[in-house]
Structures are given as C-alpha cells and as structure tokens.
Amino acid sequence: MRCALRVFVLIVLIPVLSRAQTSGGGSINGLARDEQGAVVPGVVVTATSESAPGLYRAVTDRTGAYRLTDLPPGLYTLTATLEGFASVVRSSIVVRAGVTVAVDVQMRVGTVGETVEVRSESPLLEARSGGQSVNVSGELLRNVPLLERREWYGALALAPGVVTSEFAGSRQIFVRGSDPTATIVQVDGADVTGSAKTGLTYLQLNTDAIADIQIQTGGIRASTPLGSGGIINVVTASGTNRVKGAGTVFFQPRAWNGSNQPGGTSSSARQVQTDLSLGGPIIKDRLWAFGAYRRSNVTIGVSRTEAQLDNLRALAPGFEPLDEKHEANFWLAKLTAQAGVHHLSGFFETDKTPVFEVLATSENPYIQATGGSAASVRMSSAWSNRLMTTFTASYNDKDRENVDPEIAGPVTRVYDGTIASGGRLLGNGQLATLGATLPWLLSQPNEKTTAAFDATFYATHGRMSHELQAGVYFEDRTQGNHLNYINDNFIVEELVLRQRGVPTSGTVPFHRTIVNGQELTTFNQRARDVGLYIQDAWRPSPRLTVTGGVRVDRLAVDDTVFGIRSQESVEIGPRVGFNYALTSDNRNVARGYWARVHDQPGVVTTTGSPNVGQRDLYDVDLDGSFETVFVTPASATVIANRSIDPDLHQPYVQEWGAGFSRQLPGTSAVNVDVTRRRFTDRPTLVETNGRFEGGAFTGYQNEAFNEIYVATNNRWNTPVYTSLELSFTRQTPRIQALASYVRQWRHMDGTWQPNDPASFIQPDAFANDAGIGNSTGTASAASDANSLIGYHMTQPLTASSQWQDHVIRAAASITAPWQFVLSSNYTYQSGTWSGPIVTNIPAPDPAFGPTTVRLSNGRVVSNPLATVIRFAFPTRGEGQLHTPGLHLVNIRVARRFHLQRVTLDASLDVFNVTNNGADQGFMFTSNQTFSPLFGQTTDRQAPRSAQVVFRVAF
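Residues numbered from 1 in each chain as written. Predicted model: local features only at pLDDT ≥ 70, side-chain atom pairs only at ≥ 80, totals over all residues. Heavy atoms only, no water.

Some details on the overall build of the protein
Each helix and strand counted, the protein has four helices and 59 strands in total. Its C-alpha radius of gyration of 30 Å places the protein within 12% of the 30 Å reference for a compact globule of 954 residues. Referenced to the eigenvectors of the C-alpha coordinate spread, the extents of the protein come out at roughly 105 × 60 × 50 Å. For the protein, buried positions account for 58% of its 954 residues. At a minimum sequence separation of 6, the contacts of the protein that also span at least 24 residues come to 73%. (Helix = DSSP H or I, 4+ residues; strand = E, 2+ residues; numbered from the N terminus. Rg over C-alpha atoms; globule rule 2.2 N^0.38 Å. Buried < 20%, exposed > 50% of the residue type's maximum accessible area, 1.4 Å probe, protein only. Contact = heavy atoms within 4.5 Å.)

Right, dumping it as structure tokens:
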C-alpha cells in the first residue's frame, strides 16, 4: 500500500510534460490523396472527441500517410487541412482499445474557410494486426445486465473463446483452454495481475470508470507481457474540459429472489450497491482528473441440496444456514495531461475485499480478504511524425489473506465410510465439515513491480512502409505463503458414520492431526523477468500488412527461504502474422498468425518442504483407542526426494489462427476464426527411482528413498485445443449487439509420463478427448505422476471447467421510441466434463508384483502398482459424465429521462429469467464409481432475481 501511494505521489509531482491520452488506446491510420489519386504530403490531420481530452494531431508524410496513435476509445471527428485545399471533416469514427482502423481522406482544391463534410460509416475492422481480439465498450457493459453485482469482468463472458464457471462462490474465466491464472489483466496498459497469478476477481472497479475493454485471445504482439491466456486491457475513462459525473444505485431485496434448488437453499442475493464518478479539468486544455468509487454491500445465500442440508442438520444439531457477506469500498483516481508532443497519464486504484465465505458442506464460515492496490504512470512522446517513445512503470500488491473467524475446535471432517490403505484409514465420501473450516490462517506477502521502455520508428520506401518497435521490459515479483495454525495445534479431526448412509446414527473419530508449531512460511520466492523485444509491421501495399516479431526473456526464480535458484532460463517467443484487405474499401479482411507465447513468471516448482512437524493418530479398528501413530518430524530443509532439471524452463503455448471479417451496412461486422493451441512443456514432476522389470514393480534404485521426483518440463503429453468461432457485432447510436458461437474440440496428445502406474496397468487407456484436466501443469505436487490416483483430471480439483463442446452468447441493447432502453443477454454452455471415470477391483493384480516389496536393505515398501483403482472404460475419454447445459437469460427494461444536462435512467433488471438450475461442476470424488458421491454435481447457477437501478448522469 505504501509503495502504491509513493507511485501515485510520483504521478502527481512529475512536471506536466504530456498530451492527454489513455494508455492502451486505439489508432487511426490512413492516406491523403487528391482528386486524381495522387498522395498529398503535409496535410494536417486532427482528431477530437467529446469523451477524450485534448486534440490529437498528425501530418502526412511524403507518401501521404498519417498516423494518430494512442487515442482513448470513443467517437471521433477527423479534420484534414492544407493550404490550397478545402478542409475535410469526417465525424462518428469509432475508436476502440487496441484496434487500428484505416480512414483515408480525399483532398479537394478549395478556398480558405471552405469545408467538405464526408458522411460515411465508420470503419470497424482491424487494419494491421493478424491476431484475434474482441472489444466490449463500457456503454454496453453498463447497459446489459451481465452479472448481478456488476463486476467489470462480466464483459469477458461476451468474448468468443471464453468459458465461465462458478467454483466455491468465485467466478472463473477461461480463455481458449487456458487456466484462469494464465490470464494477464491490464489497466490502461499497466499490468495489475497479482504476483501469485491471482486472476480476474482480484481487480474490482466501478463500471463507470471503464471506457472500453479489449480481450486479446490470439496472436499476441511481442511487446505484450508474458502470458499464455488472454490479455485483458481495461481502458478507463478520462476527465475532459467538460465536467461530467454519474451516480448509480443498485437495489435487490432478498424477497426478489427465486429458488432453483428444490428442498435446499439457493444462492439468492440481497444487495445495495452505489457507484459514483466525476471527471473534469484541473487546468483547462492541459490537465484533467477523473475519479470513481463503488460501495458494495452484498449478502448471498449458499446453494445447498436437500441432502447437504439434511446431513448438516443431523451432524450439527441446531445448524442454521449462514450467508456469504461482501462489504467493501473500491476507488480509482486518474490524471491525464498534455504539453506539446509529450503525453502523461497515471492512476491509483485500491479494492481490498473482505469476504465472509461459506461452503455448501460446511457448518461455519471462513473470512478471506482479496485484492489490494495498484498504481501506474506512463509517459509517451511523439518526437516527430516518424519517432515515438513510451515509458511505463506500475506496481501492485494484489493478494489474499484469511481473517480469524474465532471458531473453537479443529477442522472436523465427516465421512460416509472409510478405506484401509497402508496401515491408515482414509475417508470415503465426505459429507460435511464441522467446526473450523480451515486448519490455518493464510497470508501472502505478494508484490509486483514492472517497467518498460520502447521506441517506435516509422519508415517509408516508395509505397512500402515499416512500423518498427523495439523495447525493454523488467518485472520483479515476490510471492509468499505464511500459515498460522489454529486451535492450539490440534488442527484436524476426521469422523466416520457409525452406519453408512445414516447421518443420524452418530459418528466415530478415526484420525487426528496435531502439529508441533504455531507458524510456518511454506515458501517465499522472487521471480525476475528481463525482456527484449522487436517487432515490425511491414506494409508492402496499402492493403497488406505483414507483422513479425520476437521476444527474448531471461527469467530467474529464487527461493528466499532455502537460498536456492529453482529456475534460470532464456525464453524466445517468435511470432508472425498478416492482415490483408480483400477489397479496396477495407471492408473484407483476411488475417492469420503463428506465435509462441510463454506463460507469465511465477512459482514453477517448490524447492523445499518446510513443516513444523506433526503427529497423525489413527483408530484403525474404531474401538475408541488411537493405537496407530505416524510421526512426521519438523523440517526446514530442501526436499530430499526431489531434484530440479537444470533445463527447467517456462511453459508456452504454440498457436496458430486464421480468420475472415466482413463489415456490413449498418455499422455491423461478421467474423469467422479458427484456432489451434498446444500447451507445450508444462511443468511436472516425474518419478525416477522406481525399478520395473517385465511390467512389475521390483523395488527402488536408491533404496534410501521411495519415490524420487525430478521437476522438469512435460515432454511426453500435451493438451491440444481447437476451435471454430463465429461472431457478429453491431454498434450504432441506437443499437449495440454482440453475438458468437464457438465449437470446441480438445484432446491429449502424446503418451504417459515415465513410471506412471497407468502406463504399466492400462497402457492403452491414454486417449482422452473430453475432460482433460488443467492446461497449466504443476511441479509442486505429484498429481501428474500417477494418473490412477483416482481424481486425476477431475473437476473441480484441477479446474476442467474450460472444456465445453459448445458455447453460445448474445447480448444487445436497443434504444426504443419514447426513450425506452431494452437490453438482454443469453448464454449457453454445453456442460463440464467430469474427467476420467474410475472404478475399483476386489484386490490388486499380482501380475504387477506383490503388494509390498522387501528391499535388499531390509526395508519394506508399498508397491505403487498394487492399486485397486482402474479406468472404468477402455480409454480415459470414454464414459465421462458432464454437467447439464447452462442456459442463462437476463433482461433489462429502462426508461430514460432528459432534464437539460441531466439524464436519469430508471430500470428493472431480471437475471436468470427462466430460473434454470444447472450445476456447473462436479463434487470431489464424483468420478469414482465406488464413492457415495459418484455422479453428483454442485455449484448451481444463481436463481431468478430482480433489481431496480437508478442512475443520474450529467
């Protein structure tokens, strides 16, 4: 927080050397020609907008070309002047974040004061990049009821290639198969993604602060920070010479909620939310300010089935369902300024959000605070019509931490039954969690600082031109995990029903965990990225742009607890693309790209396994005596049975895409895109110590250890994502619409990892084209080393929600006669796959060796192939279950009133009009045929609800 305030003070104190701009804006490029078609140099081209401060100016070069860059999103009027020619004025040009549009001007011979007004539809199609992206305007975000709580990331659900889901009360967003943690979030071009790759929900904003959102889903430019998911750039509003402001109140009583959970409880909400914003000049024509504030006060019911309620009431007499509570304040302050050819903008944002969270099977809540502060300053200078430089610096401390809910007792887990394994009892079919919800309180000291400098040079040769950009990038991030244990170190107790399937039969404790210390730092790592990039947009003709670039990053990750460097690598990310206008009016465009995009830096593997030591007590025969005790000694050393591959490097996505866009009459456009992505070299742990002869386990090579793992990159198997996307957009003063359909295919390519038990037991079962698990991988846990653990690739543990066969989205806002505004959006997702279905057999197969093996040193070890778990079908993809199709319809009916300069909107919003009740995920172990939870789903969509919204703007 203090660092963020220092950056904000720096923003205020820097001399006013800049021209008004919004970082991450759009561009207008074009040619000036005379009536005979000859190019005209020296034409002064200016652009102005009511939604952007200042005036933007360029001069055509000797080839007649002009470039207006970094324009804040909005409607612009373009004016072209040159002595001896009439002035040319063209209005209503739509500028979107990150999009370059082509606008040519025809100069006509005329007298001083003569003006020619050109009336033509605004160009909509990207004229330079071969990548794939979609823009959602702040106006559409505010007009269409997307999410009950009006979070800004509701706009992402409109983008083709995006899948959304609810998990434990938190919204997850997946971009083209990537995990949520792979997505980069920027505000005005500044990276505000947390150092722990915290995802979208760690940024909260008043939607009045948003001018435009660009979601880049493919063909990312080399100048963009590392990130293998989507690149989300939220471009905020700016103050102008005109004082503008707005105030909005959202009100939703609890009684205005329906129920879509028969016999249970639904995630109904009560909320009062207030948004305020104000912007205007500090020094007219030179310095402007904008600010936005949101006060959120929300209570949300927890979706529970009738069976879950019955279990909790039977196991915790007097149980009354609790609600989740969210109460927070969000702030954004922004300055923009101008002076000659220099540009400056900066912001400070804070959004710490304490949440009173309740899980469906828990008796009590836990309190978690997420978010933090972010600040950025950006200086850009247009030194000439051919040279531009930009410097950006940003900081954020987005993190999460638990607050003590002061609940006595240990975490108490209740199971329907138990399974004996290795001298212990393991719970089977968890029914409820009583007492405390977490065995510890978590805090994360996370910080990220970034800085970048680049220069863009425009060169021409005959009719050809180059836009060369080169730059340097620096990022420093720290990420930690600190635990504070509860209940005087008696942290966990596990119970089993006396009679299976009868919660009222009482329970018997069978396992207790007691730790030996109070506090523990599990890891603290520092990652640094120093990057260089160069890219070129070569235009051999006015219709064709060929882009090429390469990004080189040197990454270093250090574990500051153990003093070990866990990763040091150099990553090279080349990319090429093209954009070709099939017709001279730039209304039919073909595009394509190929790229290698690395994941963002962070923890790839843990190097140590510090623990405070613990005792695990078991009552194996359930006679009331904990006769079996396993002792884990305290440790503060590196992991003895793990090594790190010296060539460990950053995973990346290898992707290509191609598309076609056509602009239709009525400021509309249609797009067709195909994409293929390979998630390559994911981090993983590979077991290297097992000795297998003739397909049977015979012991360990180093008999001092059991499994020994090496942290490396997964070279054996790769998730592959393929999609076909169809989309339609329309933007007029009266109609805004966006619709898309996505058909997705996915599969696992390759084969088993070495020493994976499945490779010996069911070698032909590898194929999977349904729920294929996460696309990120991990080298901190051995989950990928054993595909027969029973829950590998399942949802929600490994977040398989992104794998959907079909996704349909549509949103529209129409201004009808008598100032009525009608808005609606529709979402369909075909359902989440369960992951491979597993079953069990009566006893281990002796063909894979005995249940235990005595080593030559006399030590007895378990046989990892002596498992009773089997894939239930010939391949992992066959027989998978999937959740019901998700249908969601939201509508808004509003009436707008104009009172001189004041506009008043009064609206009624209805969410989930049909009251559909689809579950969006599977319960843990629901893929196991022998689990009492087999096939059971959870995380039901919110029921029908209604809100009234009052908004005043001036």
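Points about unusual backbone geometry
Negative phi characterises most residues that are not glycine, and trans characterises most peptide bonds. A positive phi angle, close to 55 degrees, is found at Asp70, a residue other than glycine. Structurally, the position occupied by Asp70 is in strand S4 (residues 65-71).

A look at the sheet that holds strand S46 (residues 709-713)
Strand order in the open sheet formed by three strands is S40-S46-S43, and the pairing between neighbours is mixed. Either end of the sheet is taken by a strand with one partner, and the two such strands are strand S40 (642-644) and strand S43 (683-687). For this sheet the average axis-to-axis angle between neighbouring strands, irrespective of direction, equals 30 degrees. (Pairing = 2+ DSSP bridges. Axes fitted to C-alpha atoms, helices over the stretch in contact; angles between N-to-C directions.)

So, the environment of Thr815
Counting through the fold element by element, Thr815 comes out in strand S49 (residues 806-816). The spacing of Thr815 and Lys244 is 571 residues in sequence and 22 Å in space, taken between C-alpha atoms. Not counting residues within four places of it along the chain, the set of residues in contact with Thr815 comprises Pro733, Arg734, Phe820 and Val821.

So, the pairing of strand S32 (residues 490-497)
With seven of eight residues buried, S32 lies mostly within the body of the structure. Where strand S27 (residues 411-421) meets S32, five bridges bridge the pair, whose relative direction is parallel. In the sheet register, Val414 faces S32, and the bridge partner there is Leu495. Across seven bridges, the pairing between S32 and strand S33 (residues 507-515) is antiparallel. By the bridge assignment for S33, Phe490 is matched with Ile514.

Description of empty space enclosed by the protein
Tallying each qualifying case throughout the model produces 12 cavities of 30 Å³ or more. Its volume calculated, the second largest cavity comes out at about 160 Å³. For the second largest cavity, the lining is made up of 18 residues, of which Gly219, Ile220, Arg221, Thr547 and Arg575 are closest to its centre. Going through the elements one at a time, strand S34 (519-539), strand S35 (544-559), strand S36 (564-581) and strand S37 (588-598) are the ones with two or more residues in the lining of the second largest cavity. When its residues are assigned to classes, the lining of the second largest cavity shows six nonpolar, nine polar and three charged. (1 Å grid on protein atoms, 1.4 Å probe; cavity = no way out; pocket = protein on both sides within 12 Å on 5 of 7 lines; lining within 4 Å. Points joined across faces, edges and corners; volume = space filled by probe spheres on them. Nonpolar A, V, L, I, M, F, W, Y, C, P; charged D, E, K, R; others polar.)

Quick look at the pattern of salt bridges
Scanning all chains against the criterion turns up 34 salt bridges. Across the pair Asp351 and Lys398 runs a salt bridge whose closest N-O atoms are separated by 2.7 Å. Placement of Asp351 in the loop between strand S21 (342-350) and strand S22 (353-357) and of Lys398 in the loop between strand S25 (387-396) and strand S26 (399-403) is noted, with a sequence separation of 47 residues between them. (Salt bridge = Lys/Arg side-chain N within 4 Å of Asp/Glu carboxyl O.)

A short note on the environment of Gly613
Take Gly613: it is sitting in the loop between S37 and strand S38 (614-618). Residues Gly613 and Lys352 lie 261 residues apart in sequence; the distance between their C-alpha atoms is 34 Å. What Gly613 contacts, discounting residues up to four positions off in sequence, is Ile514, Val515, Asn516, Thr632, Pro633 and Ala634.

Section: the side chain of Asn689
Topologically, Asn689 is positioned in the loop between S43 and strand S44 (690-693). Judged by its relative accessible area of 3%, Asn689 is buried. Leave out the neighbours within four places in its chain, and Asn689 touches Gly699, Tyr700, Gln701, Asn702, Phe705, Asn706, Glu707, Ile708 and Asn755.

Observations regarding the sheet that holds S27
Taken in spatial order, the six strands make up an open sheet running S28-S27-S32-S33-S38-S39, and their pairing is mixed. The open sheet has two free edges, formed respectively by strand S28 (424-435) and strand S39 (628-632), since each of these has just one partner strand. Mean inter-strand twist for the sheet, computed between neighbouring axes without regard to direction, equals 25 degrees. Taken together, the five bridges between S38 and S39 define a ladder with antiparallel strand orientation. When the sheet's bridge partners are listed, Asp616 is paired in S39 with Phe630. Those strands touched by helix H3 (residues 306-315) are S27, S28, S32 and S33, and its axis lies near 90 degrees from that of S28.

Quick word on the packing of aromatic side chains
Inspection of every chain in the model, using the stated rule, returns 13 aromatic pairs. Arranged with centres 5.6 Å apart and planes meeting at 80 degrees, the rings of Trp152 and Tyr153 form a pair that is edge-to-face. Comparing Trp152 with Tyr153, the two get one shared label, buried. Here Phe692 and Phe760 contribute two aromatic rings whose centre-to-centre distance is 4.4 Å and whose plane-to-plane angle is 20 degrees, an arrangement assigned as stacked. Pair noted here: Phe692 is in strand S44 and Phe760 is in helix H4 (residues 757-761), with a separation of 68 residues, a long-range link. A cation over an aromatic ring shows up here: Arg424 above the ring of Phe630, its NZ or CZ 3.8 Å from the ring centre. If you follow Arg551 out to its NZ or CZ, it ends over the ring of Tyr473, 4.9 Å from the centre. (Phe/Tyr/Trp six-rings, centres within 6.5 Å; stacked < 30°, edge-to-face > 60°. Lys NZ or Arg CZ within 6 Å of the ring centre and 35° of its normal.)

What to know about a nonpolar patch on the surface
Among the surface-exposed residues, Phe578, Tyr580, Leu582, Phe660, Val672 and Leu726 lie close enough to one another that they form a single nonpolar patch of about 460 Å² accessible area. With respect to the secondary-structure elements, Tyr580 resides in strand S36. (Patch = residues over 30% accessible without salt bridge, like charges linked within 9 Å, V, L, I, M, F, W, Y side chains within 5 Å. Areas by Shrake-Rupley, 256 points an atom, 1.4 Å probe, with all protein chains shown as cover.)

Considerations on the side chain of Thr684
Tracing the backbone through its elements, the reader meets Thr684 in strand S43. On the accessibility criterion, Thr684 (0% relative accessible area) is buried. Among the polar contacts listed, one links the side chain of Thr684 to the side chain of Gln753, at a separation of 2.7 Å. Ignoring any residue separated from it by four or fewer positions in sequence, one finds Thr684 in contact with Val710, Ala711, Thr712, Asn713, Asn714, Gln753, Thr778, Ala779 and Asp784. (Polar contact = N/O pair within 3.5 Å; in protein donor to acceptor, adjacent residues only side chain to side chain.)

Comments concerning the environment of Arg715
Within the element layout of this structure, Arg715 appears in the loop between S46 and strand S47 (717-731). Among the residues examined, Arg715 registers a relative accessible area of 55% and is labelled exposed. With 33 residues separating them along the chain, Arg715 and Arg682 place their C-alpha atoms 8.0 Å apart. One polar contact links Arg715 to Thr712, side chain to side chain, over a distance of 3.3 Å.

Details of H3
Taken together, the buried positions of H3 are occupied by Gln308, Leu309, Asn311, Leu312 and Leu315. Take H3 and look down its axis: the buried residues cluster within an arc of 160 degrees, on one side only. (Arc of directions from axis to C-beta.)

Topic: the nonpolar core
Membership of the largest hydrophobic core comes to 37 residues, with the highest contact counts inside it found for Trp152, Leu156, Leu200, Ile213, Ile215, Ile232 and Val234. Every element with two or more residues in this core is listed here: strand S10 (132-137), helix H2 (138-143), strand S12 (170-175), strand S13 (184-187), strand S15 (210-218), strand S16 (231-236) and strand S19 (287-300). The element best represented in this core is S15, accounting for three residues. Among residues more than four places away in sequence, those in contact with Ile215 are Gln132, Ser133, Val134, Val136, Leu156, Ala159, Ile231 and Ile232. (Core = buried A, V, L, I, M, F, W, Y, C linked by side-chain atoms within 4.5 Å.)

Don't take any of this as a statement about function, it's just geometry.
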